[in-house]
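Below, each chain spelled out in residue letters.
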Amino acid sequence: MLLALDTSTQTCGIALYDDPVIIGEMQWRSANHHTVELAPAVNDLLKRCSLTPSDLKAIAVALGPGSFTSLRISLALAKGLALSLHIPVIGIPTFEYQAASQPLSDDPLFTVIPAGRSRMAVQEFTARDGAWQPVDEPQVMTPEQISDRISGPTHICGEMNVSERQVIGRKWKNAMIAAPSLAMRRPAVLAELAWKRWKEGQVDDPIQLSPIYLHIAGMIRE
């Protein structure tokens, strides 16, 4: 049984996965209350699925980019569980698992999340070797800058409000924005990716594992 945690943004998600079955999944929007909500949510999901912490055999956690504070909360819980239960932990970049939920295409994919102060974190991916592969490093842009960057048919997925969707989508047919239900990150996808890496022996040192921050003027904050 693998537990996946994602608190990259105000949208939190957790999932329980036992290949090939999604045992349970929860997703909710937190009003910056990650500290008091995450552990009780995990406990509640375990109880709903008739499981206990001792049933967990691995932990997955989204590494960001994301909110400075919220990322530390999920990392702290993941590390604590891994060390106390003596089980492996697998860290996966947030954009990497977000891209993995999108259908493969010959067109590029932009993954986005809120970055605060009317800006967004964005990373470009291309389909190669049967998976979405990153083209560049995550960076902070305004919706207008993201729109200006679109020069041909481009898929876009991620958390966007009405205004951001309108600005990015002004490129008409070139900006192919995923529907809200398909654009959001799903912790079950994070769990699937982590399970595969776990079985391939790609695990992380819980002491050394650290979140991905954007250490620039546009760094994501709460």
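Below: a short report on this structure.

Each value, and the rule that gives it
- Residues numbered from 1 in each chain as written.
- Predicted model: local features only at pLDDT ≥ 70, side-chain atom pairs only at ≥ 80, totals over all residues.
- Heavy atoms only, no water.
- Helix = DSSP H or I, 4+ residues; strand = E, 2+ residues; numbered from the N terminus.
- Salt bridge = Lys/Arg side-chain N within 4 Å of Asp/Glu carboxyl O.
- Buried < 20%, exposed > 50% of the residue type's maximum accessible area, 1.4 Å probe, protein only.
- Axes fitted to C-alpha atoms, helices over the stretch in contact; angles between N-to-C directions.
- Left-handed = near helix turned anticlockwise from the far one by under 90°.
- Contact = heavy atoms within 4.5 Å.

### Some points on the environment of P114
Working step 1: Looking at the element boundaries, P114 is found in strand 6 (residues 109-116).
Working step 2: Through-space distance from the C-alpha of P114 to that of S8 is 9.8 Å; in sequence the pair is 106 residues apart.

### So, the pattern of salt bridges
Working step 1: One pass over the full model with this rule turns up 9 salt bridges.
Working step 2: In this structure, D6 and R185 form a salt bridge, with 2.7 Å as the shortest nitrogen-oxygen distance. Of the two residues, D6 is situated in strand 1 (residues 2-6) and R185 in the loop between helix 6 (180-183) and helix 7 (187-199); the sequence distance between them amounts to 179 residues. Accessibility assignment for this pair places D6 and R185 in one class, buried.
Working step 3: D44 is the salt-bridge partner of R48, the closest N and O atoms lying 2.8 Å from each other. With R48 and D44 both in helix 1 (residues 34-48) and 4 residues apart, this pair spans about one turn of that helix.
Working step 4: The exposed category is assigned to R48, whose relative accessible area is 65%.
Working step 5: Look at the salt bridges and you will find they share partners, linking D6, R29, E159 and R185 into a network.

### Things to note about the packing of helix 1 against helix 2 (residues 68-85)
Working step 1: With their axes 10 Å apart at the nearest point, helix 1 and helix 2 run at an angle of 35 degrees to one another. Our pair here, helix 1 against helix 2, has a crossing hand that is right-handed. Contacts between helix 1 and helix 2 pair H34, T35, L38, A39 and V42 from the former with S70, I73, S74 and L77 from the latter.

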